Amino acid sequence: RRAINGYAWVGNQRETLFEEKLTWTQLKKADVLIEKVNAIQVREGFAENDGQMALGDSAKKQAVKRRFDKLNVKVDDGVLRVEGEKRISERVEGLGGSFTYCTLGEPLDVEKLLSGENLPDFDALGAWLFHTATGGALPKRAKSAPAFYLGEALDKHAWLIYEPDLGFLKSPAAALTLTRAKEIAAWGKARKELKGHLVFAPAKYMSHKQLLEHGIEFAQLPFALYREG
């Protein structure tokens, strides 16, 4: 959420102004190193103070514009280093975009589906099929929705002829028939929409030509146990 919308950032920003490894030869020329450090102090508008230089009343009166809140002069691992340090407080712009938080239901166990041990309810199977077909999340189903209606996608309406009962799934009542196809098409026309229909069902009793005439795309439920015996 912070990456998307942006966030306030407060922290210390450091910049290395001088860095030199100390050797015996360099130590013998300590006065040269001190001169270099003093030159940086003057350039950045700081008065000398052993090891660390901070802003004071006298420093504020100087004409040199200070880029840092303080200068740190220190020796780390045999290296003489002068760092400028500045306190930063600003807002970092977000990258944009969005995300969706989802609560998952019970997992669909394909092996148990095939054996008939555990048939999911209509909503669970419908949500999975709808997402598989459209890439979107299944919208909340209206109470006035017709039987077996799943939901509306961008370019189609999705239907699922299904009940979690093996007897129903193996019977002609679970098939997409011409009568049911006409009812689906009439429902869409009554809404004055040009969207087609995607119907998931165990079987169909219609030809490809008839499906096209009614604006229906058929998708067979991919489970062998649903075939008519």
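Not measured: the values here are computed from a predicted model.

Q: Describe the overall build of the protein, listing the residues and the values that go with them.
A: What the protein contains, in helices and strands, is nine helices and 10 strands. Buried positions account for 32% of the 229 residues belonging to the protein. For the protein, long-range pairs separated by at least 24 residues make up 56% of all intrachain contacts whose partners lie at least 6 apart in sequence. Roughly 15,100 Å² of accessible area belongs to the protein as shown, and the carbon and sulfur atoms make up 52% of that amount.

Q: Describe in detail the pattern of salt bridges, supporting the description with residues and values.
A: Enumeration according to the criterion identifies 12 salt bridges in this entry. Close ionic contact of Arg43 with Glu44 constitutes a salt bridge, the shortest N to O distance being 3.3 Å. For Arg43, a relative accessible area of 48% translates into the label partly exposed. Sharing partners across several salt bridges, the network here consists of Glu15, Arg43, Glu44 and Arg67.

Q: Give a description of the pairing of strand 3 (residues 70-76) that names residues and reports values.
A: Examined bridge by bridge, strand 3 and strand 4 (residues 79-93) share seven bridges and lie antiparallel to one another. Bridge assignment links Lys70 to a residue of strand 4, and that residue is Glu85.

Q: Any details on helix 8 (residues 178-190)? Residues and values, ideally.
A: An α-helical turn contains 3.6 residues, so any two residues separated by three or four positions project in the same direction. In this model helix 8 runs 18 Å from its N-terminal to its C-terminal C-alpha over 13 residues, within 8% of the 18 Å that 1.5 Å per residue would give. Taken residue by residue, helix 8 has Ala181, Ile184, Ala185, Trp187 and Gly188 as its buried positions. End-on view of helix 8: buried residues confined to an arc of 155 degrees, all on one side of the axis. Residues of helix 8 that are exposed and point more than 90 degrees away from the buried face comprise Thr179, Glu183, Lys189 and Ala190. Packing partners of the buried residues in helix 8 comprise strand 5 (149-152), strand 6 (156-160), strand 7 (175-176), strand 8 (196-201) and strand 10 (216-220). Lys192, located one to two residues past helix 8, shows a positive phi value of around 55 degrees.

Q: If you had to explain the sheet that holds strand 8 to someone new, which residues and values would you point to?
A: Pairing in this open sheet of four strands is mixed, and the strands run 5-6-8-10 from one edge to the other. Each edge of the open sheet is held by one strand with a lone partner, namely strand 5 and strand 10. Averaged over all neighbouring strand pairs, the angle between strand axes comes to 20 degrees, with direction disregarded. Inspection of the sheet shows strand 8 paired to strand 10 by five bridges, in the parallel sense. Across the sheet, the residue bridging to Phe200 is Ala219, located in strand 10. The sheet strands contacting helix 8 are strand 5, strand 6, strand 8 and strand 10, and the helix crosses strand 8 at an angle near 145 degrees.

Q: Tell me what's going on with the environment of Gln13, and back it up with residues and numbers.
A: Turning to its location among the elements, Gln13 is positioned in strand 1 (residues 6-21). Considering only alpha carbons, one finds Gln13 and Arg87, 74 residues apart in sequence, at a separation of 6.2 Å. The residues touching Gln13, leaving out its near neighbours within four places in the chain, are Gly84, Glu85, Lys86 and Ile88.

Q: Tell me about helix 6 (residues 122-134), residues and numbers included.
A: Taking 1.5 Å of rise per residue, the 13 residues of helix 6 would be expected to cover 18 Å, and the 18 Å separating its terminal C-alpha atoms lies within 8% of that figure. Listed in full, the buried residues belonging to helix 6 are Phe122, Leu125, Gly126, Leu129 and Phe130. Looking straight down helix 6, one finds its buried side chains confined to an arc of 130 degrees; they lie on one side. For helix 6, exposure combined with an orientation more than 90 degrees from the buried face picks out Asp123 and Thr132. Looking at the buried side of helix 6, the elements it contacts are strand 5, strand 6 and strand 8. Of the residues that open helix 6, the one with a side-chain oxygen 3.3 Å from the backbone nitrogen of Asp123 is Asp121. Positive phi appears at Gly135, one or two residues downstream of helix 6, with a value of about 80 degrees.

Conventions and cut-offs
In this convention, every chain numbers its residues from 1, walking through the sequence in written order. With pLDDT at 70 or above as the cut-off, local features in this predicted model cover only qualifying residues; side-chain atom pairs require 80 or more to be listed or tallied, and sums for whole chains, interfaces and linings still use all residues. With hydrogens and water stripped out, all remaining heavy atoms of the structure feed into the side-chain values. Numbering goes from the N terminus for both helices and strands, where a helix is a DSSP run of H or I of at least four residues and a strand is a run of E of at least two. The cut-offs for exposure are 20% and 50% of the maximum accessible area for each residue type, with area from a 1.4 Å probe on protein chains only; residues under the lower value are buried, those over the upper are exposed, and the others partly exposed. The contact criterion used is simple: two residues touch if any of their non-hydrogen atoms lie within 4.5 Å. Method for areas: the Shrake-Rupley scheme with a 1.4 Å probe, in which residue coverage is limited to the protein chains shown. Just to be clear on terms, a salt bridge is a Lys or Arg side-chain nitrogen sitting within 4 Å of an Asp or Glu carboxyl oxygen. DSSP calls a pair of strands paired once it identifies at least 2 bridges connecting them. A helix's residues, less one, multiplied by 1.5 Å, set its expected span. Each C-beta atom gives one direction from the helix axis, and the arc is the one those directions make. Structural elements are reduced to axes, namely lines fitted to C-alpha atoms, with helices fitted over the stretch in contact, and the angle between N-to-C directions of any two is expressed from 0 to 180 degrees. A 3.5 Å cut-off defines polar contacts: any pair of N or O atoms within that distance qualifies, except that in protein one atom must be a possible hydrogen donor and the other a possible acceptor, and neighbouring residues in sequence count only when both atoms are side-chain atoms.

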